[in-house]
Amino acid sequence: DAGVIQSPRHEVTEMGQEVTLRCKPISGHNSLFWYRQTMMRGLELLIYFNNNVPIDDSGMPEDRFSAKMPNASFSTLKIQPSEPRDSAVYFCASSFAMTSGDHNEQFFGPGTRLTVL
Amino acid sequence: SQQGEEDPQALSIQEGENATMNCSYKTSINNLQWYRQNSGRGLVHLILIRSNEREKHSGRLRVTLDTSKKSSSLLITASRAADTASYFCATDASTGNQFYFGTGTSLTVIP
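Throughout what follows, the structure given in this document is the object of discussion. (Residues numbered from 1 in each chain as written. Chains lettered and ligands numbered in written order. Predicted model: local features only at pLDDT ≥ 70, side-chain atom pairs only at ≥ 80, totals over all residues. Heavy atoms only, no water.)

## Focus on the state of the cysteines
Residue and element names in this part refer to chain A.
Then, in step 1: Within this structure, the stated rule accounts for two disulfides over all chains.
Then, in step 2: Each disulfide pairs two cysteine sulfurs, and for Cys23 the partner residue is Cys92, the sulfurs being separated by 1.9 Å. Across the disulfide from Cys23 to Cys92, rotation about the S-S bond amounts to roughly -65°, and the bridge is consequently left-handed. On the criterion of sequence distance, the pair formed by Cys23 in strand β3 (residues 19-24) and Cys92 in strand β9 (residues 88-95) is long-range, its members being 69 residues apart.
Then, in step 3: Overall, the relative accessible area of 1% leaves Cys23 in the buried class. (Disulfide = S-S within 2.5 Å. Helix = DSSP H or I, 4+ residues; strand = E, 2+ residues; numbered from the N terminus. Buried < 20%, exposed > 50% of the residue type's maximum accessible area, 1.4 Å probe, protein only.)

Listed below in structure tokens is the structure:
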């Protein structure tokens, strides 16, 4: 297995533009997580899905952020409109959970480094 | 706020020495996990310890968990330059769906 795949690896955009980050989890995993990492705030869980259903989105900063998981092998995190303070590294991770509340070993993707000018 | 707090924030040791990092958390947990992150990379899972376990080993890693003190420690024995990375604890809260990463310890092993 290629592991968790994220695209793009780097994204530079201007304030106000829409940004879409993509993630392909490991085949067979049923939980998917989106994280944001910055020097100031560390690693923050934004949202996670179990069996394609959003379980906890309390970490999503505001309405400009949205995430979807249309099927077991694909998820997107969208920021519209983007702002300079959204600049961060965004990680996607996947795991296998027996129940929606389980949190076991997570496998991380390489991350997308987003810069909003 | 974040669930876990690592201590120290930064640690620098000589190759061959042992490195100890601590993690404190706030609420009851199902399990606690340790992850490693090399600069510019995603996190890699090291070890998971469940709330009913007190100690766990994996190679040169030793993790302890004290649920009464809400704390855990990660010991890396006989450190190597390749162990240089940031180390994070993460907690799976026993109520709700919360999963938090701590602030991390930056470890530098000097060859």
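## Looking at the sheet that holds strand β1 (residues 5-7) of chain B
Residue and element names in this part refer to chain B.
Then, in step 1: In spatial order, the strands read β1-β3-β8-β7-β6; together these five strands make up an open sheet with antiparallel pairing. Of all the strands in the sheet, just β1 and β6 (55-58) have a single pairing partner and so form its edges. With direction set aside, neighbouring strand axes in the sheet form an average angle of 20°. (Pairing = 2+ DSSP bridges. Axes fitted to C-alpha atoms, helices over the stretch in contact; angles between N-to-C directions.)

## Considering the side chain of A:Thr13
Then, in step 1: With respect to the secondary-structure elements, A:Thr13 resides in strand β2 (residues 10-13).
Then, in step 2: In this structure A:Thr13 touches A:Val19, A:Ser82, A:Leu114, A:Thr115, A:Val116 and A:Leu117, once residues within four positions along its chain are discounted. (Contact = heavy atoms within 4.5 Å.)

In short, the description is geometric, and any link to function would need to be established separately.
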